[in-house]
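# Residue-level structural notes
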Amino acid sequence: MTFEAHLRRALDALTRDSLLRTPRVHESAHAPELLIQGARLINLCSNDYLGLASDPAIARAASEALLEHGLGAGAARLVTGTHALHRRAEARLARYTGKASALLFSTGYAANLGAVQALASQDDVIFSDALNHASLIDGARLSRARVLVYRHADPEHLAELLAAHRAQHRGALVLTESLFSMDGDTAPLTELRALCDRYDAGLYVDEAHAIGVLGPSGRGLCAELAVHADVLMAGLGKAFGCSGAFIAGSTELTTLLENRARSFVFSTAAPHALAAATITACDLVEQADDRRARLHMNALQLREQLTTFGYTILPGPGPIIPAIVGSPEAVMTLSRSLFERGVFVQGIRPPTVPAGTSRLRITPIATHSQAQLDRALEAFAALRPADGSIPPFHG
Ligand SMILES: *Cc1c(COP(=O)(O)O)cnc(C)c1O
C-alpha cells in the first residue's frame, strides 16, 4: 500500500465513524458573535470566558511592546530568549496566584507535557483522574513513571490505589484538573489534598478553565477552597484572552522545571510582546468581578433553560455546560442544525470524551448580551430533544 493510501484509509475510517474534524474558519475578532461564511453566528463554544480575547487594552500592551522590542524572542529561554518582560510577567502571575514563583510556557499543552515529565520518572507513580486533559496524560506517559488512573473525581478510589501502590514507589504525584474541561464539574480538592498529605504525594492541579473564572478575584478553585497545590498550572489562552500558560509554586519547583521540563528547555521563548499583554491581562482579570458575575448569570440562565427544554445537562458550578447527546453522528447533526439557525456550538466526540457521551459543549461568555442569549435559546428550543430531534440519552 502506498503512503497516500494509508492516509486515505485512516481518513475514511474517521469519516465513516463521524469522527472527522474540520475547523470552521471565521473572519472576525474573537467575540460573542463570529463572522462565518458571511453569516453572523452566536459564539457558544469559546473559552474566552471573560470576553478579553479582543480587549483593546491587552492588544495595545502587546502592540506597544511589539513596536519597541520586535516580535521574535530569538532563542530558547535558557539561551538568549529570556527578556525582562518574561520575568515581569512571571512575577505578576506569582503575585496573583499567591505563590513564590511562576514560570511561563508557550502553551498549556507544553506546560503539562513538560512539567509532568520533569516531576516524575521511572521509580515514581502518578495517580491520574480518569477525565484528565490529553496534555496531562501525555506528560505522564513521557515521564515513564507508573500511571494509575482513578475514577473521575473519586477520592475513595484514589485512597484505595494509594494504599495498595504508593509504598512501592519513590515519589508520587496526583494529577487533576480543577474545573473539568469537558464535564464542567470540579475535583474534590480538599479530599485530594488530605490524601496527598497522608501518603506523601505531590498535588498537581490544572486550573486551565478555573483561572479567572472561579475563586476570589478569579484566582481559581484552589484559592476558593483554600487548598494548597504543590504545582498550580493555569492557562493564559482562556479567561486571560492571551496565549500560553504558566506553572506556579515554590522557587524550587520553577527552578527544577526550568532545568528539566523539555518543552521549556528545548523550545523558543514566546514573544516578549505576549508577556507584556499577559501583565495587562492579569490586571484586568484580577479586577473583573463584574465580568465574572455576568458570566455566571449567563451560564445559570442557559443551564436552567436548556434543562427545561429537555436537554441532558451535566451539573457544574461554572460556564462549561455539557449537553449529552450520545453518538458522534447525532451530535454533529445537532451542531449543524444549530449552525443553520445562527448558533455556533461544536460537537465534542471521542477521543476527547468517552464513547457514547458525545456532547455539545456549550459555553457562554461574560460579554454575551441578553438578546444574543435569547436568540440562541430560541434555536435550542426549536431543536429540543422532546420533539424528537435528538434521541434521549441513556447513560
Ligand atoms: C486547554 C487546556 C490545556 C491546554 O492549554 P493550551 O494553552 O490550549 O495548550 C491544558 N489543560 C486543560 C485542562 C485545558 O483545557
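The structure contained in this document is the topic of the report that follows.

Parameters at a glance
- Residues numbered from 1 in each chain as written.
- Predicted model: local features only at pLDDT ≥ 70, side-chain atom pairs only at ≥ 80, totals over all residues.
- Heavy atoms only, no water.
- Core = buried A, V, L, I, M, F, W, Y, C linked by side-chain atoms within 4.5 Å.
- Buried < 20%, exposed > 50% of the residue type's maximum accessible area, 1.4 Å probe, protein only.
- Contact = heavy atoms within 4.5 Å.
- Helix = DSSP H or I, 4+ residues; strand = E, 2+ residues; numbered from the N terminus.
- Phe/Tyr/Trp six-rings, centres within 6.5 Å; stacked < 30°, edge-to-face > 60°.
- Pairing = 2+ DSSP bridges.
- Axes fitted to C-alpha atoms, helices over the stretch in contact; angles between N-to-C directions.
- Expected span 1.5 Å × (residues − 1).
- Near = heavy atom within 4 Å.
- Polar contact = N/O pair within 3.5 Å; in protein donor to acceptor, adjacent residues only side chain to side chain.
- Areas by Shrake-Rupley, 256 points an atom, 1.4 Å probe, with all protein chains shown as cover.
- Right-handed = clockwise from strand over helix to strand, strands pointing away.
- Parallel < 35°, antiparallel > 145°, perpendicular 65-115°, else oblique.
- Nonpolar A, V, L, I, M, F, W, Y, C, P; charged D, E, K, R; others polar.
- Arc of directions from axis to C-beta.

A few words now on the nonpolar core. L93, F127, L158, V174, L189, F240 and F246 are the most contacted members of the largest nonpolar core, which has 60 residues in total. Discounting chain neighbours no more than four positions away, the residues touching V174 are F127, Y150, L158, C196, A201, G202, L203 and Y204. With 27 residues, the next largest nonpolar core counts A330, V343, A379 and A381 among its residues.

With respect to the helices and strands, S63 occurs in helix 2 (residues 56-69). Separated by 214 residues in the primary sequence, S63 and A277 place their C-alpha atoms 8.5 Å from one another.

Glancing now at the packing of aromatic side chains. Within this structure, the stated rule accounts for 4 aromatic pairs. With a centroid separation of 5.7 Å and an interplanar angle of 65 degrees, the aromatic rings of F105 and F264 are classed as edge-to-face. With F105 in strand 3 (residues 101-105) and F264 in helix 11 (residues 262-265), this residue pair connects regions lying 159 residues apart in the sequence. In this structure F105 comes out as buried when scored by relative accessible area, which is 5%. Judged by relative accessible area, which is 4%, F264 ranks as buried. Each ring, one from F339 and one from F344, has its centre 5.9 Å from the other, and the planes form 90 degrees; the classification is edge-to-face. By relative accessible area, which is 8% here, F344 ends up buried.

Let us now look at the sheet that holds strand 7 (residues 202-206). As summarised here, the arrangement of the 7 strands in space is 3-9-8-7-6-4-5, forming an open sheet in which the pairing is mixed. The open sheet has two edge strands with one neighbour each: strand 3 and strand 5 (146-150). Sheet twist, expressed as the average angle between the axes of neighbouring strands with direction ignored, equals 20 degrees. Where helix 4 (residues 84-97) meets the sheet, it contacts strand 3, strand 8 (231-235) and strand 9 (245-249), and its direction lies at approximately 125 degrees from that of strand 3.

Attention now goes to unusual backbone geometry. The step from P350 to P351 runs through a cis peptide bond, and the omega angle for that step is 5 degrees. One can find P351 in the loop between strand 13 (347-348) and strand 14 (358-362). For A153, which is not glycine, the phi dihedral falls at a positive 55 degrees. Considering the arrangement of structural elements, one finds A153 in the loop between strand 5 and helix 7 (155-165). Residue A153 is classed as partly exposed on the basis of its relative accessible area of 23%. In this structure, S217 takes a positive phi of about 55 degrees despite not being glycine. Its location among the elements puts S217 in the loop between strand 7 and helix 9 (221-225).

Glancing now at helix 15 (residues 370-382). Taking 1.5 Å of rise per residue, 13 residues should cover 18 Å, and helix 15 covers 18 Å from first to last C-alpha, within 8% of that figure. Residues of helix 15 that are buried include every one of Q372, L373, A376, L377, A379, F380 and A381, and no others.

Time to look at the site of the ligand. Neighbouring the ligand are 13 residues; G108, Y109, D206, H209 and K238 lie closest to it. Contact between the ligand and G108: an oxygen atom at 2.7 Å from a main-chain N or O atom of the residue. A distance of 2.7 Å separates an oxygen atom of the ligand from a polar side-chain atom of K238. Taking 380 Å² as the accessible area of the ligand by itself, protein coverage stands at 81%.

Below, the discussion takes up the pairing of strand 6 (residues 172-177). Two faces make up the sheet, and in a regular strand the side chains alternate between them. The element strand 6 is largely enclosed, with a buried count of 6 among its 6 residues. Residues A172, V174 and T176 point to one face of strand 6 and L173, L175 and E177 to the other, with burial holding for every one of them. Here strand 4 (residues 125-129) pairs with strand 6 via 4 bridges, running parallel. Its bridge partner lying in strand 6, I126 is registered against L173. Following the chain from strand 6 across helix 8 (residues 189-199) to the adjacent parallel strand 7, one finds a crossover that is right-handed.

A separate point is the sheet that holds strand 1 (residues 33-36). Two strands in a sheet stick together by hydrogen bonds in their backbones, pointing the same way (parallel) or opposite ways (antiparallel). The strand order across the open sheet formed by 3 strands is 1-2-12, and the pairing between neighbours is mixed. Strands at the two margins of the open sheet, each flanked by one partner only, are strand 1 and strand 12 (343-344).

At a minimum axis separation of 9 Å, helix 5 (residues 108-119) and helix 10 (residues 251-260) run at an interaxial angle of 100 degrees. With respect to their mutual orientation, helix 5 and helix 10 come out roughly perpendicular. Mapping the contact onto sequence places A115, Q117, A118 and L119 in helix 5 and L253, L256, L257 and R260 in helix 10. Class assignment of the residues belonging to the contact of helix 5 with helix 10 gives a composition of 6 nonpolar, 1 polar and 1 charged.

Moving on, we come to helix 13 (residues 289-308). The end-to-end C-alpha distance of helix 13, which contains 20 residues, comes to 29 Å, matching closely the 28 Å that a straight helix rising 1.5 Å per residue would cover. Every buried residue of helix 13 is accounted for by R292, L295, N298, A299, L302, R303 and L306. Looking straight down helix 13, one finds that the buried residues subtend no more than 130 degrees of arc, so they occupy a single side. Among the exposed residues of helix 13, those pointing more than 90 degrees away from its buried face are D290, M297 and T308.

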